[in-house]
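Structural features, examined
Spelled out, the chains give:
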Amino acid sequence: MKTQFPTIAALGLSLAVGAAGTASRVQAHSSATGVVKERMEMMKGMGEAMKAMGPMFKGETPFDAGVVAEKAAHVAEHARRIPAMTPEGSMDHPSEALPIIWEDWDGYVEHAEKLAKEGAALQEIASNGADEAETRAQFLAVSKTCGGCHDKFRKPKDK
């Protein structure tokens, strides 16, 4: 079966969307406390891991499977913690969590589990010597999973 890969432009757009609004979120993180702060910092760390891999798949930096495996492990590990870091009602300002998380808890947990699974798959692929195209395809699956959760469960970014 032939795999269709999104264009480099699509990958760039995906990474740009993920990076947008970082400055305002950094300021918001500084006023967060407790589990909200911990969750925001965890999510920020996953975003930074994704941003560290992105330039490799856009041809801006050399592909390094070791770095991909390391960053993917970080994403997978933290994704497993998402439900525990989201106790009911933990959406105090400056949290970006939406109330739908607790209205559709099962869906939220499924997104977190899928992200952990996709991240672990990326780690495994990168660790086992897969070629760059196969690794890139799995990176895009991780990126799409992140975005799907953001679309449903996180407040829209300020434009």
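These numbers come from a predicted model, not from an experiment.

As a further point, take the overall build of the protein. A count of helical and extended segments in the protein gives seven helices and zero strands. Traced from its N-terminal end to its C-terminal end, the protein shows the element sequence α-α-α-α-α-α-α. The buried share of the protein, reckoned over its 159 residues, is 38%. For the protein, the share of sequence-separated contacts (at least 6 apart) that also reach a separation of at least 24 residues comes to 73%.

Moving on to the pattern of salt bridges. Tallied over the entire structure, the rule returns three salt bridges. Residue Glu60 pairs with Lys58 through a salt bridge whose shortest N-O separation is 3.3 Å. Glu60 gets classed as exposed once you look at its relative accessible area, which sits at 53%. Residue classification places Lys58 among the partly exposed positions, given a relative accessible area of 25%.

Before going further, it helps to examine the confidence of the model for the protein. Residues shown with low pLDDT carry predicted positions that ought not to be read at fine detail. For the protein, per-residue confidence averages 85 on the pLDDT scale, and 81% of positions sit at 70 or higher. Within the model, pLDDT remains below 50 along residues 1-28, and this stretch shows 34 contacts once partners closer than five positions in the same chain are excluded.

Looking at where Gln138 falls in the secondary structure, it is placed in helix α7 (residues 132-153). Taking relative accessible area as the criterion, Gln138 reaches 13% and is therefore assigned buried. Residues within four places of Gln138 in sequence aside, it is in contact with Glu118, Ala121, Leu122 and Ile125.

All right, on to helix α4 (residues 65-81) then. Its 17 residues place the ends of α4 25 Å apart at the C-alpha level, agreeing with the 24 Å of an ideal helix rising 1.5 Å per residue. For α4, the full list of buried residues reads Val68, Ala69, Ala72, Val75, Ala76, His78 and Ala79. Against the buried residues of α4 lie α3 (34-57), α6 (105-127) and α7. With a side-chain oxygen lying 2.9 Å from the backbone nitrogen of Gly66, the N-terminal cap of α4 falls on Asp64.

Conventions adopted
Residues numbered from 1 in each chain as written. Predicted model: local features only at pLDDT ≥ 70, side-chain atom pairs only at ≥ 80, totals over all residues. Heavy atoms only, no water. Helix = DSSP H or I, 4+ residues; strand = E, 2+ residues; numbered from the N terminus. Buried < 20%, exposed > 50% of the residue type's maximum accessible area, 1.4 Å probe, protein only. Contact = heavy atoms within 4.5 Å. Salt bridge = Lys/Arg side-chain N within 4 Å of Asp/Glu carboxyl O. pLDDT = per-residue confidence, 0-100. Expected span 1.5 Å × (residues − 1). Polar contact = N/O pair within 3.5 Å; in protein donor to acceptor, adjacent residues only side chain to side chain.

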